[in-house]
Each structure stands twice: as structure tokens, then as C-alpha cells.
Amino acid sequence: MKEIEGQLWIENIPVINLAREYGSPIFIYSAEQIKRNFGKYQSEVGRNDLICYAVKANSNLHILKLLSELGSGFDVVSGNELKRCLKAGADKNKIVFSGVAKSNEEIKLAVENEILSINIESYGEFQRIAKISEQLNKSVNCALRVNPDIAIGSHKYIETGSKTSKFGLDSEAVNKISDEARDNKLVNIASVACHIGSQISDENLILKSLDVICEIADNLSLNGHAIKFLDIGGGLGIQYKDEKEGDPGILMAGVKNRLEGKEYKIILEPGRSIIGSAGILVTRIEYIKNAGGKKFAIIDAGMNDLIRPSLYEAWHEVKELENREISSDTYDLAGPVCETGDILAKGRNLKILPNDFVAFMDVGAYGSVMSSNYNSRLKPMELLVTGDEIEVIRRKETFEDLIALES
Ligand code: PLP
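Residues numbered from 1 in each chain as written. Predicted model: local features only at pLDDT ≥ 70, side-chain atom pairs only at ≥ 80, totals over all residues. Heavy atoms only, no water.

Participant: Even after reading the chapter, I still don't get unusual backbone geometry, so can you show me in this structure?
Facilitator: Working note: non-glycine residues mostly have negative phi, and peptide bonds are mostly trans. Proline 25 follows serine 24 through a cis peptide bond whose omega is -5 degrees. By the secondary structure assignment, proline 25 is in the loop between helix H1 (15-22) and strand E4 (26-30). The backbone phi angle of glutamate 5 is positive, close to 45 degrees, even though this residue is not glycine. In this fold, glutamate 5 is placed in the loop between strand E1 (2-4) and strand E2 (7-10). Unusually for a residue other than glycine, asparagine 375 sits at a positive phi of about 65 degrees. With respect to the element layout, asparagine 375 can be found in the loop between strand E18 (357-360) and strand E19 (381-386). (Helix = DSSP H or I, 4+ residues; strand = E, 2+ residues; numbered from the N terminus.)

Right under this line is the structure:
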């Protein structure tokens, strides 16, 4: 994304042209930015380490295909995310499966497809995996996802590694699984995993979690398990406003330092830092209205399209697509959904008139994937731009799509 003479461009195309041609609201992604973000990890990891993009951040098939072609593996959290990866041509041997509630069907799918690792999150899940691998008479590689009890100080909804969170195993469960898995011929404990949360600026927090899982891995090795991987999750943050961006270079330098003399390979599960800055949401100003001494810009995108501001009080920069020769004013940008919380941005200084377009920046991660049909609104179209090429990677929904399952 760049600005040229007051116009916002995505790669070689003025965004206003796309808004006029394809309509709004619309998600638009830059392939170049995705490649750049992925490259920052790729240039830092060792030859045997693996980058497993967290599919939950944005699961569009075309984006998965692009990442797969760049050499990425994938971190999935449902059977359907796994199926998406397989459809996008992913290497099965680079897929890890996280999540606290894997069903029998999902575990079966993972075992049958011989993915790299099922990341176990409870003793009950271990028992299920053992049973299913026995029924299928197939071996399965697993990780123990542990809870390292590290608080990261971001929004409470995106903290996952503190003691009371639902994710990961405590030490008692680790020991129990370790003992039982040693006697199991089909379930191999091959890695230790953790993920402490999202939007982390301080790489040291992730390094602290590495220390915890490294010690556990050493103990598991002593207990007879052949531990190959340490999976340190995702979580590096991006700059939405004035936050410090997490740096894969600093993270991997710290990792190398700590693992000096050890044979473990590293798995990373970045989501936000790969796709976040590559996407924008373009929306049109429907009306401008005054209420209670405030100015509202009523836009055609709502919390159903981009829920982060309502759910996490997340801040996204808003940019005009063109510089207008009018005076600016301060607006709250409110969507069409019948909820008081449907405000996507507050107190923004903008030069806008009805029918102008604006772009919400950095919405590539946890944007379109979290959209819904609330208020019977149709999910937006998605475009992928590569240079001056435009690809429709998700068509706009229709009313018929909306009611298709209700006949
Ligand atoms: N791995 C796991 C297990 C996760 O739960 C998440 C996100 O919640 C990620 C990776 C990706 O995190 P991020 O998008 O912050 O990199």
C-alpha cells in the first residue's frame, strides 16, 4: 500500500479504481506484501525449521496456495481448515493441528492424512488419538501443547498462555501422557508446542516460553521420547497505530542463542504478522449525520464484516482513497448493523463526503475470516492484487447463498 499524489494505491493499481469497478465493502490484499512478510521469517529460520502459517488468520484458498508455493507449512485448528490446506496443495508433512476440542472425525482426518503433528491439548484428547490410531492401525506424530503460564499483556481475549486459559496441558497432564505414550507403539510424541497469545511486541516473551518448552522437551527425551521439534507458536505483533512490530530476526537470533548445542528444529506459527498488513477493507460513506454534538460517517461496512473494533476495541487506521479539496472534520465511523457497538473507528479526522470511499488498513488478519451474516448482510468480495493483475478470490455473496440452507 502506498500513497501517490494523494491517492491510495495497492501495488500498481489506485484503490479507487477497484472500489468503482467491484463495489464495496470489499477486502483487497497485496500478494507482494504477503511475500515480503513471509520473506522476513524465511530469511531468519534455519534450513530444517518450519514456518506453519496460522490458517485461522485468513483461510482464503488462494492465499493458502500462494503461501504454500512460497514453501509455507500450516497450523490448522479444525478439520475444515485442514481440508482447505489440502485443497490448496499444501504439503501434508508441514501441517500441524492445534485446538482444544478436536472431534473424532477431525482426529481421524489428521491421522489418515499423516500430517506432521497433532498438538495435544488434554489427556482426553491423547486417549482419543490413541484409540483412533489403533482402529486405523496407523502411527501418528504428536506434540504436547503446554501452557507455559506467561502473560503477554495484550487484550485478554488474545492471551492464550496464562495458567487459567483453556489452552494447553499442565505439568501433571504432560507427565501422565508422557508415561502412557512411551508404551504406545502408534502415538509418537515428537514435539513440544506452545502459543502464548497474539499481538506480541516483545520477542523476549516468546523466548521465555521457549525456555519452558525446551526444559519439558529435555525431560521427555530423558523419559524415552524422540523429540524433534519445538513449536513456539505465532503471536508476533504488527503496527496498527504506534505499537512496536515484533521482529522475526530478533526472535530467531534469540532462539539460535538458546538452542546452541541442541538438535531441536523450530516450528513457528505466525498468522497476523504474515497477512495483517497485506489487507485493506474499502467501504463507502453512505451518509454523514450529526447526533448528540458528534459527527457520524455512516459507512457500508459493519461489525459483521470487520468485528475487531467491536470485539477487541481494536484500532485500524482509516485512509481516504483520494485527497479532496475540502476541509476535514472529526467523525465516528458507524456501520449499518443494528447494534450500538457497530462503530468501526472513533474520532477520525477525515476529508470526506457521502459516496466517497475510505480504506480500513491492516485488516488482512482476523478480518474476513471473522465476518458473519448478522442482519442478513452479505459477506464482502475479496480481491488479490499482484502487480497490475487483479484476481477475484472470493465472489460477493448473494441473497440465494444466504438462504441456500434454509429450504
Ligand atoms: N498458533 C496458535 C495455536 C494460535 O492460537 C494462534 C492465534 O491465536 C496462532 C498460532 C497465530 O497467532 P498470530 O496470528 O498472533 O501470529
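Participant: Honestly, helix H8 (residues 203-222) in this entry has me stumped. Any pointers?
Facilitator: Because an α-helix packs 3.6 residues into every turn, residues spaced three or four apart end up facing the same way. Taking 1.5 Å of rise per residue, 20 residues should cover 28 Å, and H8 covers 29 Å from first to last C-alpha, within 8% of that figure. Among the residues of H8, Glu203, Leu205, Ile206, Leu207, Ser209, Leu210, Ile213, Cys214, Ile216, Ala217 and Leu220 are the ones counted as buried. Close packing links the buried residues of H8 with strand E9 (140-145), helix H7 (171-182), strand E10 (187-193), strand E11 (229-231), helix H9 (248-259) and strand E12 (265-268). At the N-terminal end of H8, a side-chain oxygen is found 2.8 Å from the backbone nitrogen of asparagine 204, two or three residues along, and the residue is aspartate 202. (Expected span 1.5 Å × (residues − 1). Buried < 20%, exposed > 50% of the residue type's maximum accessible area, 1.4 Å probe, protein only. Contact = heavy atoms within 4.5 Å. Polar contact = N/O pair within 3.5 Å; in protein donor to acceptor, adjacent residues only side chain to side chain.)

Participant: Hey, could you run me through the site of the ligand in this one?
Facilitator: Among the 14 residues in the neighbourhood of the ligand, the closest are listed as Ser198, Gly235, Glu269, Arg272 and Tyr366. Separating a nitrogen atom of the ligand from a side-chain N or O atom of aspartate 75 is a distance of 3.1 Å. Note that a nitrogen atom of the ligand is positioned 2.5 Å from one of the side-chain N or O atoms of glutamate 269. Relative to its free-state accessible area of 400 Å², the ligand is covered by the protein chains to the extent of 93%. Tallied by class, residues from the shell around the ligand come to three nonpolar, six polar and five charged. (Near = heavy atom within 4 Å. Areas by Shrake-Rupley, 256 points an atom, 1.4 Å probe, with all protein chains shown as cover. Nonpolar A, V, L, I, M, F, W, Y, C, P; charged D, E, K, R; others polar.)

Participant: Help me understand the pairing of strand E16 (residues 329-334) in this model?
Facilitator: As judged from the three bridges shared by strand E14 (residues 294-299) and E16, these two strands associate in the parallel manner. When the sheet's bridge partners are listed, isoleucine 298 is paired in E16 with alanine 334. (Pairing = 2+ DSSP bridges.)

Participant: Even after reading the chapter, I still don't get the pattern of salt bridges, so can you show me in this structure?
Facilitator: When their charged atoms lie close together, side chains carrying opposite charge are able to pair. Inspection of the entire model under this criterion finds 19 salt bridges. Among the salt bridges present, the one from glutamate 69 reaches lysine 65, with a minimum N-O distance of 3.1 Å. Of this pair, glutamate 69 and lysine 65 both sit in helix H3 (residues 61-69), four residues apart, roughly one helical turn. For glutamate 69, a relative accessible area of 57% puts it in the exposed group. Two residues, arginine 377 and aspartate 305, come together in a salt bridge whose shortest N-O distance is 2.8 Å. Highlighted residues: arginine 377 in the loop between E18 and E19 and aspartate 305 in the loop between E14 and helix H11 (308-312), separated in sequence by 72 residues. (Salt bridge = Lys/Arg side-chain N within 4 Å of Asp/Glu carboxyl O.)

Participant: Would you mind going over the pairing of E18 with me for this structure?
Facilitator: On any regular strand, side chains alternate: one points to one face of the sheet, the next to the other face. A two-sided burial pattern is seen for E18, the buried positions comprising Phe357 and Ala359 on one face and Val358 and Phe360 on the other. In terms of strand pairing, strand E13 (residues 279-291) meets E18 through four bridges, oriented antiparallel. Bridged to threonine 283 within E18 is valine 358. Alignment of strand E15 (residues 318-320) against E18, held across three bridges, turns out to be antiparallel. Bridged to lysine 319 within E18 is alanine 359.

Participant: Explanation requested: the sheet that holds E10 in the structure shown.
Facilitator: Adjacent strands of a sheet form backbone hydrogen bonds with each other and so pair up, either parallel or antiparallel. If you trace the eight strands once around the closed barrel, you get E5-E6-E7-E8-E9-E10-E11-E12, paired in parallel fashion. This sheet shows a mean twist of 30 degrees between the axes of neighbouring strands, independent of strand direction. Sheet topology places strand E5 (residues 50-54) next to strand E6 (residues 73-76); three bridges connect them, and they run parallel. Looking at the pairing, alanine 54 lines up with aspartate 75 of E6. Across the sheet, helix H6 (residues 123-136) touches strand E8 (117-120), E9 and E10, and the angle it forms with E8 is around 145 degrees. (Axes fitted to C-alpha atoms, helices over the stretch in contact; angles between N-to-C directions.)

Participant: Would you take a moment to explain the environment of isoleucine 118 for this structure?
Facilitator: As for its placement among the helices and strands, isoleucine 118 is situated in strand E8. Assessed through its relative accessible area of 1%, isoleucine 118 is described here as buried. Taking the C-alpha atoms as reference, isoleucine 118 lies 10.0 Å from valine 77; in sequence the two are 41 residues apart. Contact partners of isoleucine 118, with chain neighbours within four places excluded, come to Phe97, Lys102, Ile107, Ala110, Val111, Glu125, Ile129, Val140, Asn141, Cys142 and Ala143.

Participant: Where do I start with the nonpolar core in this structure?
Facilitator: Soluble globular proteins tend to bury their nonpolar side chains together. In this structure, Ile189, Leu230, Leu333 and Phe360 are the most contacted members of the largest nonpolar core, which totals 95 residues. Per-element tally for this core: the top contributor is H8, with nine residues. Not counting chain neighbours up to four residues away, the residues in contact with isoleucine 189 comprise Ile120, Cys142, Leu144, Ile177, Ala181, Leu220, His225, Ala226 and Ile227. Counting residues in each nonpolar core, the second largest holds 18 residues, with Ile16, Ala19, Leu321 and Leu383 among its members. (Core = buried A, V, L, I, M, F, W, Y, C linked by side-chain atoms within 4.5 Å.)

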